[in-house]
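Single-letter residue listing:
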Amino acid sequence: MTDPNRSFIVYSDESWLVVDKPYGMATHGGDAGEVGVQEWLELHLDLRLYVCSRLDKGTTGLLLFARTKTASAQAEEIHVAETSEKTYFFLATQDVRSEKSASWVCDSPLDGKKAFTKFWFEREVSPGHFLYKAVITRGRMHQIRRHASFSGCPLLGDTEYGGSSAPRIALHCAKLSWPGIEVTCESALPLSFSSETQSEGLTSIELAVALERRGSWLKAVTDAWRVVQRGEVSEFDLSVDVYSSYALVWIYDESDRIRLENCLQRFFVCLSKYVSLHGVVYRRVSKNPHKKGLVCEEWTRGEVPPLNLHVTEHGWKVGVALSGRQHVGHFLDHRDNRRRIELQAAGKRIANLFSYSCGYAVAAAVAGAEVVVNVDASASALTLGKNNFALNQLTESGVGKFVERDVRQWLQKQREKIIRGKDSGWDIIICDPPTFSSTKSGGAFQVRDEWDELVADCATILKGDGLCFLSNNCQAEERKHFEKAMRVHFSSVQRLQAPFDFPKVANRSHSVFYLCKK
């Protein structure tokens, strides 16, 4: 029986795995720390796979992996023999029927190698937007995109090969016939290809593409994720998150409430394909004179979220509050790092600094950590952490320790222990400082000013074979300064990519993550 939370896995047997790839994710990471489909499936689902073919980041649809080295070798033989077949659909703004018949073949060589693509005109999906089908037996780099351009119908969104600008390259792999798989694998056309979406304008298309970026993948891991990243929609300055059966909309401009809700109404109907929404909380954020974010307006549509709402991630739980306080209580953009900690935590001594609601600590404790010490100057933050430990029946284990103290003072104390030989150090350190804070004992904290000493202290108390996960919310122009400090104290500094529901958006600063080793 198919797992509804893994509906993106189209086919699986001992040799092959076929997935329905979302928009915006590469087939595999190009550099260390980057997470493509291959790395994500290993990180979150423990699936170790071999790449058989590739789809560009902007292409959605069926993607094949081999599950064994033997199958991987067979895949290469199948490619050479050209005995497989892939069917793609794409949108274009050109109608080439006056120049060509309803179907045609393009066999122009690509990069000095033979290439063969058969095309069909399908239909006009909306005024000025036309749907085409393309079939290939062996793909060269950007084959369909280049052959479509040669044929006079470059793909919508493919400005590299002459297509009109759009929120995404409108190319989708819809069908795969593979000699090693008895059934034909299929994937439905994306929402952004529909006549309704194309007819409703740019905002509707951008919201559809945001859904295509996430699809059903995150349901296999969690019931809390970002559905729209700030900057993905050009008309409104907003972000949208899902927490269990509720959506949370953060608004950062003075958009008209009625117009905004009307634009999101159909989007939430489409979102209901992936999650059963009971209610939507809207929170408008303004800036106070000190440039700090402040929720100045809040309203709810549908059911009001319960005060004791909790969400799950890899089977463990954490409490969240969608209204009534500035922070929800769970940082969605740290998901991949929490998983990395979870996979390394068994039997380890872990220091969780600036711990807030202790999500990292819960993940580590569930995975069998020896001890996790949570250090934060805020008693209320540590109370959230204690509640999360109780929510996961971890209180009695004694694994979690909660220290109400300025992190700088705690680090200095640990450093003195190491120097005096009274402590052997920590296996894993997690350090995620705020940009700004103030404590009674330590005074004002500015991460820009404190970073160098924080990094030095973390390196000192880390064991020789330990791991240090560092993160901050620095502006892009400050990263060189932060990275320079890390490289002084660590021999290996690897920048980690944010989860794929937090894509890079121009002119927006986001959390940056690093894995450091001595």
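Quick caveat, the model's predicted, so the values are computed rather than measured.

Participant: Describe the pattern of salt bridges, naming the residues involved and giving the relevant values.
Facilitator: This model, assessed by the stated rule, comprises 27 salt bridges. Ionic pairing is found between R146 and D111, a salt bridge with its closest N-O pair at 3.1 Å. Taken together, the residues span a long stretch of sequence, with R146 in helix α3 (residues 143–150) and D111 in the loop between β6 (103–106) and β7 (117–126) at a distance of 35 residues. For D111, a relative accessible area of 55% puts it in the exposed group. E200 is the salt-bridge partner of R266, the closest N and O atoms lying 3.3 Å from each other.

Participant: Tell me about the packing of helix α11 (residues 447–461) against helix α12 (residues 479–489), residues and numbers included.
Facilitator: Between α11 and α12, the shortest axis-to-axis distance is 9 Å and the interhelical angle comes to 20°. In terms of orientation, α11 and α12 fall into the roughly parallel class. The handedness of the crossing between α11 and α12 is right-handed. Contacts between α11 and α12 involve V447, R448, W451, D452, V455, A456 and A459 from the former and H481, F482, A485, M486 and H489 from the latter. Considering only residue class, the contact of α11 with α12 consists of eight nonpolar, two polar and two charged.

Participant: A description of the nonpolar core should follow, citing residues and the corresponding values.
Facilitator: In terms of nonpolar packing, the biggest core is built from 77 residues, with W16, W40, L41, F90 and F268 touching the most fellow members. For this core, the element with the highest residue contribution is helix α6 (residues 257–271), accounting for six residues. V285, L309, V320 and L332 belong to the second largest nonpolar core, which has 39 residues in total.

Participant: Describe the side chain of N472, with residues and values.
Facilitator: With respect to the element layout, N472 can be found in strand β24 (residues 462–472). Under the relative-accessibility criterion, N472 is labelled buried at 1%. In this view, N472 contacts D432, W451, F482, H510, S511 and V512; residues no more than four positions away in its chain are not counted.

Participant: Can you break down the side chain of E450 residue by residue, with the values?
Facilitator: Summarising the element assignment, E450 is placed in helix α11. The exposure class assigned to E450 is buried, which follows from its relative accessible area of 17%. Once residues within four sequence positions are removed from consideration, E450 is found in contact with R408, A444 and F445.

Participant: Give a detailed account of the pairing of strand β4 (residues 60–66), specifying residues and quantitative values.
Facilitator: In terms of burial, β4 is a largely internal element, seven of the seven residues being buried. Where strand β2 (residues 16–21) lies against β4, six bridges are found, and the strand directions are antiparallel. Bridge assignment links D20 to a residue of β4, and that residue is L62. Relative to β4, strand β3 (residues 50–51) is paired through two bridges, and the arrangement is antiparallel.

Participant: Give me the sheet that holds β24: which residues, what numbers.
Facilitator: With mixed pairing, seven strands are arranged side by side in an open sheet as β20-β19-β18-β21-β24-β26-β25. Because the sheet does not close on itself, it has two edges, and the strands there are β20 (400–404) and β25 (492–496). Across the sheet, the mean angle separating the axes of adjacent strands is 15° when strand polarity is ignored. Pairing between β24 and strand β26 (residues 512–517): five bridges, direction antiparallel. Its bridge partner being in β26, C468 is matched across the sheet by C516. Of the strands in this sheet, β18 (349–353), β21 (426–431) and β24 touch α11, which is tilted by about 155° from β24.

Participant: Please give an account of helix α7 (residues 335–344) that cites residues and values.
Facilitator: When you tally the buried positions in α7, you get eight out of ten residues, the bulk of the element. Where α7 is concerned, the buried positions are R335, D336, N337, R338, R339, R340, I341 and E342.

Participant: Residue-level account of a positive patch on the surface, with values.
Facilitator: A cluster of like positive charges, contributed by R405, K413, K417, R420 and K422, occupies part of the molecular surface. Mapped onto the elements of the fold, K413 is located in helix α10 (residues 407–419).

Participant: Any details on α10? Residues and values, ideally.
Facilitator: With 13 residues, α10 extends 18 Å from end C-alpha to end C-alpha; this agrees with the ideal 18 Å at 1.5 Å per step. The opening residue of α10 is D406, an N-cap whose side-chain oxygen sits 2.8 Å from the backbone nitrogen of R408. Directly beyond the C-terminal end of α10, a positive phi value near 75° is found at G421.

Participant: If you had to explain the packing of aromatic side chains to someone new, which residues and values would you point to?
Facilitator: Under the defined criterion, the tally for this structure stands at 18 aromatic pairs. Taking the centre distance of 5.5 Å and the plane angle of 45° together, the rings of F331 and Y356 count as tilted. Taken as a pair, F331 in the loop between β17 (316–319) and α7 and Y356 in the loop between β18 and α8 (359–366) lie far apart in primary sequence, 25 residues in all. The class of F331 is partly exposed, set by a relative accessible area of 37%. A relative accessible area of 17% means that Y356 is categorised as buried.

Participant: A description of the environment of K417 should follow, citing residues and the corresponding values.
Facilitator: Relative to the elements of secondary structure, K417 occurs in helix α10. Among the residues examined, K417 registers a relative accessible area of 34% and is labelled partly exposed. Each C-alpha atom, one on K417 and one on S12, is 52 Å from the other, the two residues being 405 residues apart in sequence. Leaving out residues up to four positions away in the same chain, K417 has contacts with K422 and D423.

Participant: For unusual backbone geometry, give the residues involved together with the corresponding values.
Facilitator: Not every positive phi belongs to a glycine, and E82 is a case in point at roughly 55°. Residue placement: E82 occurs in the loop between α2 (69–81) and β5 (85–92). At Q393, a position not held by glycine, the phi torsion is positive, near 55°. On the secondary structure map, Q393 appears in the loop between α9 (379–391) and β20.

Analysis parameters
- Along each chain, residues carry numbers from 1 onward, in the same order as the chain's sequence is written.
- Where totals are concerned, whole chains, interfaces and linings use all residues; where local detail is concerned, this predicted model gives features only for residues with pLDDT of at least 70, and gives and counts side-chain atom pairs only at 80 or more.
- Hydrogens and water molecules were not included; the side-chain quantities draw on all heavy atoms of the structure.
- For salt bridges, the criterion is a side-chain nitrogen of Lys or Arg within 4 Å of an Asp or Glu carboxyl oxygen.
- Elements are defined by DSSP. Helices are runs of H or I of four residues or more, strands are runs of E of two residues or more, and each kind is numbered from the N terminus.
- Accessible area is worked out with a 1.4 Å probe on protein chains only. A residue is then buried under 20% of its type maximum, exposed over 50%, and partly exposed in between.
- For every element, the axis is a line fit to its C-alpha atoms; helices are fit only across the contacting stretch, and the angle between N-to-C directions ranges from 0 to 180 degrees.
- Angles below 35 degrees are treated as roughly parallel, those above 145 as roughly antiparallel, those between 65 and 115 as roughly perpendicular, and all remaining angles as oblique.
- Crossing handedness is read from the near helix: turned anticlockwise from the far helix by less than a right angle, it gives a left-handed crossing, and turned clockwise, a right-handed one.
- Throughout, a residue-residue contact means that at least one pair of heavy atoms, one from each residue, lies within 4.5 Å.
- Residues are grouped as follows: Ala, Val, Leu, Ile, Met, Phe, Trp, Tyr, Cys and Pro are nonpolar; Asp, Glu, Lys and Arg are charged; every other residue, Gly included, is polar.
- In this text, buried Ala, Val, Leu, Ile, Met, Phe, Trp, Tyr and Cys residues form a nonpolar core when linked through side-chain atoms within 4.5 Å.
- When DSSP finds two or more bridges between a pair of strands, those strands are recorded as paired.
- Patch definition: residues with relative accessible area over 30% and no salt bridge; like charges joined within 9 Å; nonpolar side chains (Val, Leu, Ile, Met, Phe, Trp, Tyr) joined within 5 Å.
- Each accessible area is a Shrake-Rupley estimate made with a 1.4 Å probe; only the visible protein chains count as cover when residues are assessed.
- None of His or the chain ends enter the tally, which takes Lys and Arg as positive and Asp and Glu as negative.
- Note on charges: their place is set at NZ of Lys, CZ of Arg, CG of Asp or CD of Glu.
- To estimate the expected span of a helix, count its residues, drop one, and scale the result by 1.5 Å.
- N or O atoms closer than or at 3.5 Å make up a polar contact, with two conditions inside protein: a donor-capable atom paired with an acceptor-capable one, and, for residues adjacent in sequence, both atoms drawn from side chains.
- Aromatic rings from Phe, Tyr and Trp, with only the six-membered ring used for Trp, were paired whenever their centres fell within 6.5 Å, and each pair was classed as stacked if the ring planes differed by under 30 degrees, edge-to-face if by over 60, and tilted otherwise.

No statement about biological role is implied by the geometric values presented.
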